[in-house]
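Given next are the chains, with one letter for each unit.
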Amino acid sequence: MARIGEIERKTKETFIVMKLNLDGTGEAKLDYPIGFMSHMLNSFARHGLFDIELKAQGDLEVDQHHLVEDTGIVLGQCFLEALGEGRGIRRIGSCLLPMDETLVRAAVDLSGRPFLVYQAADLEAAISGVPLVSEGQAFQTDTTEDFWQGFAFAAKLNLHLDILRGRNDHHKVEALFKAAARALREACEIDPRAAHIIPSTKGVLL
């Protein structure tokens, strides 16, 4: 049976409705006002083989922080709901992903204990923080960390994201989304050798 999470989040700053199928084919149906983030979420769905339906709006007249962070929160809540008690999952996943000159590493533990280590701002290969200019809404690259912070804590998982090298900010951000998706895909998969077991010596993922 498909593992599905559906969340609606409405605040004075944003309105987001999302449906996530962990056992999908990578299809993304996105109604999202920031073109670059829509591109990232589409890549995330494709590389994770997650089906995502999303409609979102926010106070972009202020800046993009609220909407991008809340999108991460809602995606995390969908993961948490879809995974349930986590019976049978592999729990841990990782990915070393090259994208042209960029190399990114992602590692995840669906432990029930939220934590984010984000090494994308303190290194020589750091994301610059300069917006990526495009038609309509240019993307505020500094909100990338806000997205993953919201996601990790809402999903109650341990996530490590590292940019090992790179030059192009587009490649760095996109590689993070692709690597995280592939690590999550591995962690969410059902292990046929332990399909009825919660993967913890405690007997619960907390």
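Strand order across the open sheet formed by 4 strands is 1-2-4-3, with mixed pairing between neighbours. With one partner strand each, in any of the chains shown, strand 1 (4–10) and strand 3 (28–31) form the two edges of the open sheet. Sheet twist, expressed as the mean angle between neighbouring strand axes with direction ignored, is 5°. When strand 3 meets strand 4 (residues 51–58), the two strands line up parallel, connected through 4 bridges. Its bridge partner lying in strand 4, Ala 28 is registered against Ile 52. Sheet contacts for helix 1 (residues 35–48): strand 3 and strand 4; angle to strand 3, the most-contacted strand, approximately 165°. Sheet strands touched by helix 2 (residues 65–83): strand 1, strand 2 (14–21) and strand 4. Its angle to strand 1, the strand with the most contacts, is close to 145°.

Before going further, it helps to spend a moment on the packing of helix 2 against helix 3 (residues 143–155). Orientation of helix 2 relative to helix 3, taken along the N-to-C sense of each, is 25°, at an axis distance of 7 Å. In terms of orientation, helix 2 and helix 3 fall into the roughly parallel class. The crossing of helix 2 and helix 3 is right-handed. Contact residues: His 65, Val 68, Glu 69, Thr 71, Gly 72, Ile 73, Leu 75, Gly 76, Gln 77, Phe 79 and Leu 80 in helix 2; Thr 143, Asp 146, Phe 147, Gly 150, Phe 151, Ala 154 and Ala 155 in helix 3.

The tally for this structure, following the rule as stated, stands at 10 aromatic pairs. Centre to centre, the rings of Phe 147 and Phe 177 are 5.1 Å apart; their planes meet at 40°, and the pair counts as tilted. You can see Phe 147 sitting in helix 3 and its partner Phe 177 sitting in helix 4 (residues 169–188), a full 30 residues away along the chain. For the pair shown, Phe 147 and Phe 177 are each scored as buried. Grouped by ring-pair contacts, the aromatic residues Phe 44, Phe 50, Phe 79, Phe 147, Trp 148, Phe 151 and Phe 177 constitute a single cluster. Above the face of the Phe 15 ring, Lys 10 is positioned so that its terminal group lies 5.8 Å from the ring centre.

Rules of the game
- Residues numbered from 1 in each chain as written.
- Predicted model: local features only at pLDDT ≥ 70, side-chain atom pairs only at ≥ 80, totals over all residues.
- Heavy atoms only, no water.
- Pairing = 2+ DSSP bridges.
- Helix = DSSP H or I, 4+ residues; strand = E, 2+ residues; numbered from the N terminus.
- Axes fitted to C-alpha atoms, helices over the stretch in contact; angles between N-to-C directions.
- Contact = heavy atoms within 4.5 Å.
- Parallel < 35°, antiparallel > 145°, perpendicular 65-115°, else oblique.
- Left-handed = near helix turned anticlockwise from the far one by under 90°.
- Phe/Tyr/Trp six-rings, centres within 6.5 Å; stacked < 30°, edge-to-face > 60°.
- Buried < 20%, exposed > 50% of the residue type's maximum accessible area, 1.4 Å probe, protein only.
- Lys NZ or Arg CZ within 6 Å of the ring centre and 35° of its normal.

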